[in-house]
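Chain by chain, the residues:
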Amino acid sequence: MTAPLDLAGLGIGPFNLSLAALLREVPHLETAFFDRKPHFNWHPGMMLPGVRLQTSYLKDLVTGVAPWSPNSFLNYLVQNGRFYAFMNANLPAVSRAEFADYMAWVAQGLNSLHFGRNIDHVDFDGNLFHIHCHGEQRPVLAHNLCLGTGKTPSLPESCRPWQGDDCFHNMELTLRQPDVSGQHVTVVGGGQSGAEVVLSLLQGDWGTPECIHWLSRRSNFEPLDETPFTNEYFTPGYVDTFHGLEEAQRLTRVNHQKLASDGISTDTLNALYQRLYEHRVTGGPSPRVVLQPERTLEAVAGPAPYALTARNELNGHHEQTTTNRLILCTGFDTQLPGYLSQPLRQGLETDDHGELRLGHHFEATWDGPLNRHIYAVNAGRHSHGIAEPQMSLMCWRSARIINHLAGERLFPVTEGIRLVDWDGTETATAPEAEPASLAALIHNTL
Ligand SMILES: Cc1cc2nc3c(=O)[nH]c(=O)nc-3n(C[C@H](O)[C@H](O)[C@H](O)COP(=O)(O)OP(=O)(O)OC[C@H]3O[C@@H](n4cnc5c(N)ncnc54)[C@H](O)[C@@H]3O)c2cc1C
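Residues numbered from 1 in each chain as written. Predicted model: local features only at pLDDT ≥ 70, side-chain atom pairs only at ≥ 80, totals over all residues. Heavy atoms only, no water.

**A closer look at the sheet that holds strand β11 (residues 211–215)**
Backbone hydrogen bonds hold the strands of a sheet together, and the pairing may be parallel or antiparallel. Put simply, the test is: Pairing between strands is defined by DSSP: at least two bridges between the two strands are required. Think of it this way: any DSSP run of H or I at least four residues long counts as a helix, any run of E at least two long counts as a strand, and we number them from the N terminus. Lines are fitted to the C-alpha atoms to define the axes, a helix being fitted only along its stretch in contact, and any angle between axes, read from their N-to-C directions, falls within 0 to 180 degrees. By definition in these notes, contact holds between two residues if any of their heavy atoms fall within 4.5 Å.
Taken in spatial order, the five strands line up as β9-β16-β10-β11-β12 in an open sheet, and their pairing is parallel. Sheet topology places β9 (167–169) and β12 (288–292) at the edges, where each strand pairs with a single neighbour. Each strand axis lies, on average, 15 degrees off the axis of its neighbour in the sheet, ignoring direction. Relative to strand β16 (residues 325–328), strand β10 (residues 184–188) runs parallel, the two sharing four bridges. Across the sheet, the residue bridging to Val185 is Arg325, located in β16. Packing against the sheet, helix α6 (residues 192–202) makes contact with β10, β11, β12 and β16, and its axis sits at approximately 170 degrees to β11.

Below, the structure written as structure tokens:
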């Protein structure tokens, strides 16, 4: 790989995989993607028994902008001889294991992906980006980048000194396979991951604990809002309107919209409540289950068994418990990737919260030449809104990036129909004409 790439994708999670899957249809762009994992693997540490996707399978890597692509979930079903059985199964949602297998199937068919490449550092020589991977003698050279290395697990300050076998982030759970038999286990965090971990513990997936203790700062175990008008936040029209707002307005709105992406799915809440009920009615003495919303974990004295102090936000009391294990379902931090070297790093504009300032096409604002771009995926919650960390619009975002990179509209990125008039555009206005179709593009390049 000696000639500079048009684009180097850093990280191969679902979001850059979507970009790579669509770029397969644009052969005149030279692109390559790099990941430190030996092969594609989607959040293996949270592949708990029975967990399901929170998004429709139609919101896959490509379908929203290129339904003709061979990399669709439906084509995966057909090629694996499961289309009719899948339809007959009438599943409430696809399992995360099946969706992960779909993405791995796509990854296997793309020769632009390079696994086993740990990106050490990236610098810029004024013209080209140099991507240095661990153990590789020569850097990969590229005109443009797409940062897709995901988010960093967030740990409460009080837990950091105790990280290890007995105190860890939920993203490590199934990799650690803990035996919790007879133990007091505390789960911290009241989002979807916290609920899935508690359900898994209740099902005895890791042995029968003596006690399951669930702490959450939230005012209740709150549902994901999947109703139609809330789902408008996950449409191109809303995202474009959101991006055009003043920064302060965007931050206020994205904070109000938290439960549109960060609540617990109704299926999980129902399963959890039913399990708890049956356990109370017919279960034995263990595990004892203590559910505590409105609690902020303030102090952890260790080593294990840990003495926990939590503040009850309803009455201000401090409550103490002792626990053998802490499973921290405490979300993720957005940070600039550590591999971005100076002065490249310093030249990137960030907001007051350390998030990249991203333009319309997910390109970072930076002090480099106008014809060199650093795109970023899963990095624009403040610039593009609540849809950013979710898969709902991943292929649309990939299309936006590719169109910008190519300098032409290769994929459709506007929707003709808008049921809510977010930005004052008349709903009756005729849809904007779409560019030449991808099929025509492919035809012309044959
Ligand atoms: C348990 C879980 C379930 C989720 N379920 C859903 C869902 O159902 N629906 C939905 O819409 N969203 C869901 N999400 C949210 C989101 O879709 C996922 O987190 C998604 O994986 C984000 O994709 P990504 O490509 O940004 O990052 P990641 O999946 O985190 O991938 C980043 C990649 O970068 C690589 N990498 C990092 N640093 C380096 C480096 N220095 N060198 C080389 N490679 C590197 C990593 O190995 C990794 O493969 C879920 C999130 C979690 C945590």
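That covers the picture; the talk isn't over yet.
**Notes on the site of the ligand**
Short version of the rule: Distances are taken per atom, and a residue is near a molecule or strand as soon as one of its heavy atoms is within 4 Å of it. Think of a polar contact as two N or O atoms within 3.5 Å of one another; within protein, one of them needs to be a possible hydrogen donor and the other a possible acceptor, and neighboring residues in sequence only count if both atoms come from side chains. Throughout, the Shrake-Rupley method with a 1.4 Å probe supplies accessible areas, and for residues the shown protein chains are the sole cover considered. In this classification, the charged set is Asp, Glu, Lys and Arg, the nonpolar set is Ala, Val, Leu, Ile, Met, Phe, Trp, Tyr, Cys and Pro, and all remaining amino acids, among them Gly, are polar.
Of all residues adjacent to the ligand, which total 28 residues, the nearest are Asp35, Trp42, His43, Gln54 and Met391. Separating a nitrogen atom of the ligand from a backbone N or O atom of Arg36 is a distance of 3.1 Å. Between Ile119 and the ligand, the recorded distance is 2.9 Å, taken from a backbone N or O atom to a nitrogen atom. Protein coverage of the free-state accessible area of the ligand, which is 980 Å², stands at 89%. Among the residues forming the shell around the ligand, the class breakdown is 12 nonpolar, 11 polar and five charged.

**Section: the domain arrangement of the chain**
In plain terms, the rule: For the purposes of this description, domain bounds are those given by an automatic or database domain assignment. A simple way to read buried area is as the amount of 1.4 Å-probe accessible surface that goes missing from two parts once joined, with both sides added. Salt bridges are identified by distance alone: a Lys or Arg side-chain nitrogen within 4 Å of an Asp or Glu carboxyl oxygen.
By the assigned domains, the chain splits into domain 1 (7–151 + 334–445) and domain 2 (156–223 + 263–331). Averaged C-alpha coordinates put domain 1 and domain 2 at centres separated by 33 Å. Between domain 1 and domain 2, the contact holds 11 residues from the first and 16 residues from the second. Regarding the contact of domain 1 and domain 2, the summed buried area is about 950 Å², with carbon and sulfur atoms giving 60% of it. On the domain 1 side of the contact with domain 2, Gly45, Met46 and Leu48 bury the most area, a combined 49% of that side's loss. A salt bridge links Arg96 to Glu196; the nearest nitrogen and oxygen atoms lie 2.9 Å apart. Remark: the boundary between domain 1 and domain 2 carries five residue pairs in polar contact (both at pLDDT 80 or more). In terms of residue class, the side of domain 1 that touches domain 2 is made up of seven nonpolar, three polar and one charged.

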